[in-house]
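What follows is each chain in one-letter form.
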Amino acid sequence: MARIVILGAGVAGHTAALHAKRKLGADHEVVVVSPNSKWNWIPSNIWVGVGRMPAEKVVFPLAPIYRRKHIEFHQALATAIRPDGDAEDARGAVDIRYTDPKRSGQTARLRYDYLINATGPKLRFEATPGLGPDGGHTASVCTPGHAVDAAAQLDDVIARLRAGQRQTVVVGIGHGTCTCEGAAFEYALNVDHELREAGVRDRAEVVYLSNEPELGDFGVGGMVFEEKGRRVTSSEWMESLFHERDVRAITHAAPTEITDRVIHYDSVADGPGSIEYDFAMLLPPFGGVGLEAYDRDGNDITSELFAPSGFMLVDADYGDKPFDEWRAADWPRTYRSPRNPNIFGVGIAFAPPHAITRPARTAAGVVVAPAPPRTGMPSGMMGKIAAFTIVDLIRQGGDARPHEAPMPELAAACIASTGAHMLRGSAATMTMSPVVPDYQRYPDTAGRDIAETRGEIGLAGHWLKRMLHTAFIYKAKALPFWYLIPE
Amino acid sequence: MSTIDERIQAAPLPSERERRRRNNPIIQFVRFVALSWGIFRLAHKHD
Ligand SMILES: Cc1cc2nc3c(=O)[nH]c(=O)nc-3n(C[C@H](O)[C@H](O)[C@H](O)COP(=O)(O)OP(=O)(O)OC[C@H]3O[C@@H](n4cnc5c(N)ncnc54)[C@H](O)[C@@H]3O)c2cc1C
């Protein structure tokens, strides 16, 4: 009987656990370690953050689902990986510290035959002084709790606007190396929508603050669409949307310090600047969750398994080369650790080999470098193929051919909500193929297949996003035929 | 080179026809079906 341990129960880890168990049945053990008792459909946190959806609608408890599926669940934080085992047992092991109220603080060592690291991001609010809801001055929508606080602050802004005051709302990124600009963009336009719905938009200024060199870059180098026989760049598309919505923008910038009234930033083109705000939602930069690694004798081998960022090294080309020399082929295909092929790093947890958007610095040396996003669809795919590879290794032995999900071949759909309402809502629906541009293969269309890279704004996008909310929660609850819903 | 705010101000606004299209429930229902199918196909192609 083989034992698969999966660290993390987010998009990638939960998908991996459900697929592994479905394929392996009762013959093998699937174990999930995750610190939260609940699963969260993170994309809908945006709607919680503007008060359009209660937090209970974006979460559900994991334990009953894992019980029903006969998956062993430890509500705990993984702290260290011991890929070579320890003095007592040569099998790989993971050290965990329980977070569930009954065993809080207790530790344990779990043995594994195969390990999937799907621990997602550490939210590094500490990277910019004054950033974040805990001890800082800005809101976040990264967790349901953060989003509830953001909605309360937005309510206060609306109340002050109704009382006749002017207000400035800044939405964007909280550090030059942030990713997930798409989520910040969604929140900015949802705030705009809510202010219009409340009839107070004329007294508010909405500002989008981003590290992207131009609007519509999203950390993936932007896109080119074909619209009515004409090529349009995602930046032209977004500039038009911002014009329509009267949203201002500060691009290619990095916040450097945030006080309770002012965001100080440095920008590549214009140097240092600052903006006064009444309410700000700024996303944090992401890092790995800080897992350590030890060999059999207890020596620290963290740097053999993880990049300095804390993300896991997998089958990518991490060679130190100039930005202009990177190739699509540098990106991982199987997500296996080169040191230990029975360990996989999937979703946000794997270390990308390089940036997709050209990194820059301000005159003062502040880094402005959007990190590559690892969105839901590719993260789910990675979780699934890691599970399938393990299933084949168990059934066919070590010669089994690994499954692949390379981001320079995978497509992604990004439905960026620009206002939640069944009749007055809208969203920018974008599909891109591949996620990581391949400039050799598609030299004339910004590295992407123009037939599969599209953008469209309208009410249909809102319905689509709402449908995906229901479909993915259905799937994550492992209700009948869940596996027919694609990642 | 123009600043980002100048570029935003210079960007074309959607025509009245386009605006109506984006909000028309019947047209949007057709787009909803087309977009859902497109995304489903894309996801399955790479599944
Ligand atoms: C506000 C917001 C909106 C977004 N909107 C979209 C969108 O519209 N579309 C889209 O495609 N993507 C969106 N994304 C990105 C999407 O959420 C991620 O791509 C996806 O969650 C990545 O999945 P993951 O499994 O790698 O990480 P996560 O989903 O974050 O899961 C990580 C899991 O690991 C657990 N964990 C953490 N530390 C440990 C540890 N030490 N030991 C064990 N477990 C641990 C966590 O509790 C969690 O369960 C959005 C992101 C944000 C922040």
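Look above for the structure.
Residues numbered from 1 in each chain as written. Chains lettered and ligands numbered in written order. Predicted model: local features only at pLDDT ≥ 70, side-chain atom pairs only at ≥ 80, totals over all residues. Heavy atoms only, no water.

## A word on the overall build of chain A
So, step 1. For chain A, the helix and strand inventory stands at 9 helices and 26 strands.
So, step 2. Here chain A has a C-alpha radius of gyration of 22 Å; the compact-globule value for 487 residues is 23 Å, and the two agree.
So, step 3. If one aligns the C-alpha atoms of chain A with their principal axes, the spans along those axes are about 70 × 50 × 45 Å.
So, step 4. Considering only contacts in chain A between residues 6 or more positions apart, those separated by 24 or more positions represent 68%.
So, step 5. As displayed, chain A offers around 18,500 Å² of accessible surface, 50% of which is attributable to carbon and sulfur atoms.
So, step 6. When the 51 positive and 59 negative side-chain charges of chain A are each reduced to one mean point, those points stand 7 Å apart. (Helix = DSSP H or I, 4+ residues; strand = E, 2+ residues; numbered from the N terminus. Rg over C-alpha atoms; globule rule 2.2 N^0.38 Å. Contact = heavy atoms within 4.5 Å. Areas by Shrake-Rupley, 256 points an atom, 1.4 Å probe, with all protein chains shown as cover. Lys, Arg positive; Asp, Glu negative; His and termini not counted. Charge placed at Lys NZ, Arg CZ, Asp CG, Glu CD.)

## Structural notes on the packing of helix α2 (residues 16-23) of chain B against helix α3 (residues 25-45) of chain B
Residue and element names in this part refer to chain B.
So, step 1. At a closest axis distance of 6 Å, the pairing of α2 and α3 adopts a crossing angle of 65°. Here α2 lies roughly perpendicular to α3, going by the angle between them. For the pair α2 and α3, the contacting residues are Arg21, Arg22 and Asn23 in the first and Pro25, Ile27, Gln28 and Arg31 in the second.
So, step 2. Considered class by class, the residues forming the contact of α2 with α3 number 2 nonpolar, 2 polar and 3 charged. (Axes fitted to C-alpha atoms, helices over the stretch in contact; angles between N-to-C directions. Parallel < 35°, antiparallel > 145°, perpendicular 65-115°, else oblique. Nonpolar A, V, L, I, M, F, W, Y, C, P; charged D, E, K, R; others polar.)

## Points about the interface of chain B and chain A
So, step 1. Across the contact, 29 residues belong to chain B and 36 residues belong to chain A.
So, step 2. Contact between chain B and chain A buries roughly 3,000 Å² in total, counting both sides, with carbon and sulfur atoms accounting for 61%.
So, step 3. For the pair chain B and chain A, the number of links is 5 salt bridges.
So, step 4. Scanning the region where chain B abuts chain A turns up 12 residue pairs in polar contact (both at pLDDT 80 or more). (Buried area = accessible area lost by both parts, 1.4 Å probe. Salt bridge = Lys/Arg side-chain N within 4 Å of Asp/Glu carboxyl O. Polar contact = N/O pair within 3.5 Å; in protein donor to acceptor, adjacent residues only side chain to side chain.)

## What to know about the site of the ligand
Residue and element names in this part refer to chain A.
So, step 1. Around the ligand sit 30 residues in total, of which Ala12, Ala78, Ile348, Arg374 and Gly376 are the nearest.
So, step 2. In the environment of the ligand, a nitrogen atom lies 2.9 Å from a nitrogen or oxygen atom belonging to the backbone of Ala78.
So, step 3. Lys465 is positioned such that a nitrogen or oxygen atom in its side chain is 2.9 Å from an oxygen atom of the ligand.
So, step 4. Expressed as a share of its isolated accessible area of 990 Å², the protein-covered part of the ligand is 89%.
So, step 5. Those elements giving two or more residues to the shell around the ligand turn out to be α1 (11-24), β2 (29-34), β5 (72-82), α5 (181-197) and α8 (376-396). (Near = heavy atom within 4 Å.)

## What about α8 of chain A?
So, step 1. For α8 of chain A, with 21 residues, the first-to-last C-alpha span of 30 Å sits near the 30 Å given by 1.5 Å per residue.
So, step 2. The buried fraction of α8 of chain A amounts to 18 of the 21 residues, a majority that puts the element mostly inside the structure. (Expected span 1.5 Å × (residues − 1). Buried < 20%, exposed > 50% of the residue type's maximum accessible area, 1.4 Å probe, protein only.)

## Quick notes on the sheet that holds strand β25 (residues 426-432) of chain A
So, step 1. Strand order in the open sheet formed by 3 strands is β24-β25-β26 (chain A), and the pairing between neighbours is antiparallel. Each end of this open sheet is capped by a strand with a single partner; those strands are β24 (412-419) and β26 (454-458) of chain A. Within the sheet, the average angular offset between the axes of one strand and its neighbour, ignoring direction, is 10°.
So, step 2. Where β25 of chain A meets β26 of chain A, 5 bridges bridge the pair, whose relative direction is antiparallel. Residue pairing for β26 of chain A: Ala427 of chain A is matched across the bridge by Gly458 of chain A.
So, step 3. Across the sheet, α3 of chain B touches β24, β25 and β26 of chain A, and the angle it forms with β25 of chain A is around 30°. (Pairing = 2+ DSSP bridges.)

## What about the sheet that holds strand β17 (residues 271-276) of chain A?
Residues and elements named next belong to chain A.
So, step 1. Pairing within the open sheet is antiparallel, and its 3 strands lie in the order β15-β16-β17. Of all the strands in the sheet, the pair left with one neighbour each is β15 (253-258) and β17. Each neighbouring strand pair of the sheet contributes to a mean axis angle of 30°, computed without reference to strand direction.
So, step 2. Relative to strand β16 (residues 262-267), β15 runs antiparallel, the two sharing 5 bridges.

## What to know about the pattern of salt bridges
Residue and element names in this part refer to chain A.
So, step 1. Counted by the stated rule, this structure contains 39 salt bridges over all chains.
So, step 2. Residues Glu72 and Arg3 are paired through a salt bridge, measuring 3.5 Å at the closest nitrogen-oxygen approach. A residue pair is termed long-range when its members are at least 10 positions apart, and Glu72 in strand β5 and Arg3 in strand β1 (residues 3-7) qualify at 69 residues.
So, step 3. Lys475 serves as the salt-bridge partner of Glu487, at 3.1 Å between the closest nitrogen and oxygen. Placement of the pair is Glu487 in the segment after α9 (459-476) and Lys475 in helix α9, with a sequence separation of 12 residues.
So, step 4. Judged by relative accessible area, which is 8%, Glu487 ranks as buried.
So, step 5. Relative accessible area serves as the criterion here: at 6%, Lys475 is assigned to the buried category.
So, step 6. Taken together, the shared-partner salt bridges in this structure form one network comprising Arg82, Asp86, Asp89, Arg91, Asp95, Arg109, Arg111 and Asp113.

## Side note on the state of the cysteines
Residue and element names in this part refer to chain A.
So, step 1. By the definition in use, this model includes 0 disulfides over all chains.
So, step 2. Of all cysteine sulfurs, the one in Cys180 lies closest to Cys414, which takes part in no disulfide; the gap is 9.4 Å.
So, step 3. Overall, Cys414 belongs to the partly exposed group, its relative accessible area being 27%. (Disulfide = S-S within 2.5 Å.)

## Quick notes on the packing of α1 of chain A against α8 of chain A
Residue and element names in this part refer to chain A.
So, step 1. Two elements in contact, α1 and α8, have axes separated by 8 Å at closest approach and are oriented at 35°. The chirality of how α1 crosses α8 is right-handed. On α8, the residues touching Val11, Ala12, Thr15, Ala16, His19, Ala20, Lys23 and Leu24 of α1 are Gly376, Ser379, Gly380, Gly383, Lys384, Ala387, Phe388, Val391, Ile394 and Arg395.
So, step 2. Looking at side-chain class alone, the contact of α1 with α8 contains 9 nonpolar, 6 polar and 3 charged residues. (Left-handed = near helix turned anticlockwise from the far one by under 90°.)

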